[in-house]
Amino acid sequence: MGYKCPSCGKIWPDTMDLARHVFGTGDQAHKDWVNSKGLNFIELLLIQTMEPGNKGYKALAELLEKEAEKVD
């Protein structure tokens with residue numbers, strides 16, 4: 001089972017990997033999707049880089065758990 005990126009459709013095995021993909025891609029489509037869900041892409045990225053514990057990835061992964069399409 002995996003999760004489909006809501007911006008580009010790539011499949012990732014879990015939501016943490018999908019969150020890393022969204023941050024790593026960082027194009028306008030991915031930023032717009034995150035921002036449209038009530039989160040702020042730049043703030044999440046700053047949290048990820050400035051605070052320990054992968055808090056930015058975890059916050060995005062929680063959103064993706066609810067919003068991303070699950071695929072077999």
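How each quantity is defined
- Residues numbered from 1 in each chain as written.
- Predicted model: local features only at pLDDT ≥ 70, side-chain atom pairs only at ≥ 80, totals over all residues.
- Heavy atoms only, no water.
- Patch = residues over 30% accessible without salt bridge, like charges linked within 9 Å, V, L, I, M, F, W, Y side chains within 5 Å.
- Areas by Shrake-Rupley, 256 points an atom, 1.4 Å probe, with all protein chains shown as cover.
- Salt bridge = Lys/Arg side-chain N within 4 Å of Asp/Glu carboxyl O.
- Helix = DSSP H or I, 4+ residues; strand = E, 2+ residues; numbered from the N terminus.
- Contact = heavy atoms within 4.5 Å.
- Phe/Tyr/Trp six-rings, centres within 6.5 Å; stacked < 30°, edge-to-face > 60°.
- Lys NZ or Arg CZ within 6 Å of the ring centre and 35° of its normal.

Asks: Can you break down a nonpolar patch on the surface residue by residue, with the values?
Replies: Among the surface-exposed residues, Ile42, Leu46 and Met50 lie close enough to one another that they form a single nonpolar patch of about 340 Å² accessible area. Following the sequence through the fold, methionine 50 ends up in helix 3 (residues 41-50).

Asks: So, the environment of glycine 26: which residues are in play, and what are the values?
Replies: Residue placement: glycine 26 occurs in the loop between helix 1 (15-25) and helix 2 (28-36). Distance from glycine 26 to leucine 45, taken between C-alpha atoms, is 9.9 Å for residues 19 residues apart in sequence. Residues within four places of glycine 26 in sequence aside, it is in contact with Lys31 and Phe41.

Asks: I'd like a description of the packing of aromatic side chains, backed by residues and values.
Replies: Applying the stated criterion across every chain, the model contains two aromatic pairs. Relative to tyrosine 57, the ring of phenylalanine 23 lies with its centre 5.4 Å away and its plane at 45 degrees, an arrangement referred to as tilted. Of this pair, phenylalanine 23 sits in helix 1 while tyrosine 57 sits in helix 4 (residues 55-67); the two residues are 34 residues apart in sequence, bridging distant segments of the chain. Through a chain of ring-to-ring contacts, the aromatic side chains of Phe23, Phe41 and Tyr57 assemble into a single cluster. Cation over ring: arginine 20 sits above tyrosine 57, and NZ or CZ is 5.2 Å from the ring centre.

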